[in-house]
Amino acid sequence: GTRAFDAALQRGAAPLSGLGFLRIGEDGRLAITGKSEHYQASLGHNFPGFDLLRHAAAIGITNITHNNTRGHLTRLFERELVRSANGLARDRQEELDALIASEAPHVLNRVINLETGSLACEAAFKMMLARFYRLQNTFEAPVYAGKTPVFLVMGDFKQGLEANYHGTAIMTQMLRGMWPELYEKMAECNLFRAVPVPINDPDAFVQAVAQHDDGGSKVAGFIHELILMNYGGIRLENEYVRRCHALCRERDIPIFVDEIQSCMWSPEIFLFREYGCRPDFVSVGKGFPAGVYPASRILTTAAMDNLNQFGALVTNGQEELASLANLITLRFAEANADHTRAIGKLWQEKLRRLVVRHSRYVCRAEGDGLLGTLFFADADHAVAFCRRLGERYRIDVSAQTYKADCPPAALTKLPLIASEKLLDFIASAMDITLGELERTRS
C-alpha cells in the first residue's frame, strides 16, 4: 500500500469472516460492527437475502454490461429508486409511469448509475456547474453564462470549509478546503467559489444568499448532508432545512442533498422525506447496496438533466448483480421500516441517558436514529473511550477528533438488523467504560 494507507492499516480488524453485526478479524477475535464497518454494511455481514445473488449468477445472469445496454435489473432499480424517493407504494405503477414522464420542477425522476459516492456527488456538481459553463462546444450557452458560480456548503465552527464532505473528486475536495492554492487561483479568476454557511443558522444562510446571488455571481447550488457524519454526526434542524430550501426555491438555487451516509438508515429509506423537502439532487450509495458492491446513484429532475452521456460516464456503473443487491436491500428495508424507526428511537434514548448519567464527561448526544454520536469535552477522553470499548468489549466505534472546532465525538452507525439486546449490550459497555474513565480522572 501507499505510506498513508499503510500507516492507517488496522490489520487485526481486517475481516476473515462475519455474520450479521459480528466480524472475526485477523486477530482471531469476535467484534461488533458498531459503525457498520465503515458506515456501509446496512445489513451486516453475509446477509441471507444475498443468496439471491448466488442464484442469479448460477442461472447465468451476467454482471457485465454498459450504459448503452443497461439490463432489466438495472432498469428495474432505476424505477424503484424513483418510486421510493417519491413515496409511492409498489402497486402504484401507473402513477410511477406518470411521475417518470413528468417535466415538473423538483420531481426526482432521473437516475445516473455510478460506482462510488464520490462519482455520484461529482455528477451533481457537474450538472449544477453546467448552468454556467458548457460541457462541450456544441452545447448552447448556459442560462447563467458569464456569472461566477458560488456553491454554498456546510461550514465548520471556525467559519471554514471542513464540516462538509462530498467525496474525493478534486472539485468536491475543494468544497471542503483541500487543494488550497489551486482553489485560490480559481477563485481569483472568478471561475467558481465555495462559501461555508454556519450550521443550523438560517439567518446567516439568508445573508450568504443575499451576498453571493447578485451582480456578477450566482449561487450555483446548496450542497449539504442532513446528518454531518464527518463533523460529529450533527443533525440539521428541520426548521433550518425548511427555511433554507424555501429561499433556494425563490432564487432558482438547486439543492443537492447528499444521502450517501443516511440513505437506507431512515424508515422512509431517504432521510430527506422525513424533513418534507424536495431537493433537486439526491445521492445514494454505501448502505444502499449494503457494501456488497460499489453501486452509487444520483437522482435528479428533468430540469437538471443537462449532461450528455459522456458528462457522467462510468463503464461498470450498471452491473446487473450490483443492481440486484440494491433491490434486495431496498425490499428488506421497506418491509422492516417499523423496526428501523423503533430501534433508531431506542438508540437515541440510550445515548441521551448516558449523557445524563455522565454529564461531567459527555456533553451531549447527536445524530439521528442508529446514526448516533456522543460529544466529549476533551479529545483525549473521546479517544480513550473508543479505544477501551474496542480493546475490552470489541465494539468498533470511531473517535472523531481532527476537524476544526468540532467537539470531539464518538461515532456509531449500527446496522439496520441491530436488536434491542445488542443496543443494551453496547449501552451497558459504554456506561461502564465512562464510569471507569471518570474514576481514573478523579
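Here the structure is a predicted model, which means the values were calculated and not measured.

S.K.: So what about the packing of aromatic side chains? Which residues, and what values?
M.R.: The tally for this structure, following the rule as stated, stands at 16 aromatic pairs. Ring geometry for Tyr 183 and Phe 192: centres 5.6 Å apart, planes at 80 degrees, overall edge-to-face. Pairing Tyr 361 with Phe 376 gives two aromatic rings, centres 6.0 Å apart and planes at 80 degrees, and the pair type is edge-to-face. Placement of the pair is Tyr 361 in the loop between α13 (337-357) and β13 (362-368) and Phe 376 in strand β14 (residues 371-376), with a sequence separation of 15 residues. Neither Tyr 361 nor Phe 376 differs from the other in exposure class; each is buried.

S.K.: Give a detailed account of the sheet that holds strand β3 (residues 30-32), specifying residues and quantitative values.
M.R.: Strand order across the open sheet formed by three strands is β1-β2-β3, with antiparallel pairing between neighbours. Each end of this open sheet is capped by a strand with a single partner; those strands are β1 (15-19) and β3. Adjacent strand axes in the sheet meet at a mean angle of 30 degrees, parallel and antiparallel pairs treated alike. The pairing of strand β2 (residues 22-25) with β3 spans three bridges and is classified as antiparallel. Looking across to β3, one finds that Leu 22 is bridged to Ile 32.

S.K.: Give me the lowdown on the environment of Val 314, citing residues and values where you can.
M.R.: Checked against the element boundaries, Val 314 lands in the loop between β12 (297-300) and α12 (320-335). Between the alpha carbons of Val 314 and Leu 119 there is a distance of 8.8 Å; along the sequence they are 195 residues apart. Excluding residues that lie within four positions of it along the chain, Val 314 makes contacts with Asn 67, Asn 113, Leu 114, Glu 115 and Leu 119.

S.K.: Could you give me a rundown of the pattern of salt bridges, with the residues and numbers involved?
M.R.: Inspection of the entire model under this criterion finds 30 salt bridges. Taking the shortest distance from any N to any O, the salt bridge between Asp 97 and Arg 79 comes out at 2.9 Å. Of this pair, Asp 97 sits in helix α5 (residues 93-101) while Arg 79 sits in helix α4 (residues 72-85), and the two are 18 residues apart along the sequence. Ionic contacts of the salt-bridge type, sharing partners, join the residues Arg 23, Lys 35, Glu 37 and Asp 396 into one network.

S.K.: Go over a nonpolar patch on the surface with me, naming the residues and quoting the values.
M.R.: Where nonpolar side chains cluster on the molecular surface, the patch consists of Ile 170, Met 178, Trp 179 and Leu 182 and spans about 340 Å² of accessible area. On the secondary structure map, Ile 170 appears in helix α7 (residues 170-174). Judged by its relative accessible area of 39%, Ile 170 is partly exposed.

S.K.: A description of unusual backbone geometry should follow, citing residues and the corresponding values.
M.R.: A positive phi angle is found at His 106, which is not glycine, with a value near 65 degrees. Examined against the element boundaries, His 106 turns out to sit in the loop between α5 and β4 (110-113). For His 106, a relative accessible area of 25% translates into the label partly exposed. If you check the backbone angles, Ile 269 has positive phi at about 70 degrees while not being a glycine.

S.K.: Any chance you could break down the environment of Glu 420 for me, citing the residues and the numbers?
M.R.: Relative to the assigned elements, Glu 420 resides in helix α15 (residues 420-441). Once the C-alpha coordinates of Glu 420 and Leu 346 are considered, the two residues, 74 residues apart in sequence, prove to be 8.1 Å apart. Residues contacting Glu 420, with those up to four places away along its chain left out, are Ile 343 and Leu 346.

S.K.: Pulling in residues and values, what's your account of the layout of surface pockets?
M.R.: The volume enclosed by the second largest pocket comes to roughly 440 Å³. Surrounding the second largest pocket, 21 residues form its lining, Arg 70, Val 111, Ile 112, Asn 113 and Asp 305 being those nearest its centre. Of the residues belonging to the lining of the second largest pocket, the class tally is seven nonpolar, eight polar and six charged.

S.K.: Before we move on, could you go through the sheet that holds strand β15 (residues 398-400) and cite the residues and values that matter?
M.R.: Strand order in the open sheet formed by four strands is β13-β14-β16-β15, with antiparallel pairing between adjacent strands. Only two strands of the sheet have a single neighbouring strand rather than two, namely β13 and β15. The sheet shows a mean angle of 25 degrees between the axes of neighbouring strands, direction not considered. Alignment of β15 against strand β16 (residues 409-413), held across three bridges, turns out to be antiparallel. The partner of Ala 399 across the bridge, within β16, is Ala 410.

The rules behind these values
- Residues numbered from 1 in each chain as written.
- Predicted model: local features only at pLDDT ≥ 70, side-chain atom pairs only at ≥ 80, totals over all residues.
- Heavy atoms only, no water.
- Phe/Tyr/Trp six-rings, centres within 6.5 Å; stacked < 30°, edge-to-face > 60°.
- Helix = DSSP H or I, 4+ residues; strand = E, 2+ residues; numbered from the N terminus.
- Buried < 20%, exposed > 50% of the residue type's maximum accessible area, 1.4 Å probe, protein only.
- Pairing = 2+ DSSP bridges.
- Axes fitted to C-alpha atoms, helices over the stretch in contact; angles between N-to-C directions.
- Contact = heavy atoms within 4.5 Å.
- Salt bridge = Lys/Arg side-chain N within 4 Å of Asp/Glu carboxyl O.
- Patch = residues over 30% accessible without salt bridge, like charges linked within 9 Å, V, L, I, M, F, W, Y side chains within 5 Å.
- Areas by Shrake-Rupley, 256 points an atom, 1.4 Å probe, with all protein chains shown as cover.
- 1 Å grid on protein atoms, 1.4 Å probe; cavity = no way out; pocket = protein on both sides within 12 Å on 5 of 7 lines; lining within 4 Å.
- Points joined across faces, edges and corners; volume = space filled by probe spheres on them.
- Nonpolar A, V, L, I, M, F, W, Y, C, P; charged D, E, K, R; others polar.

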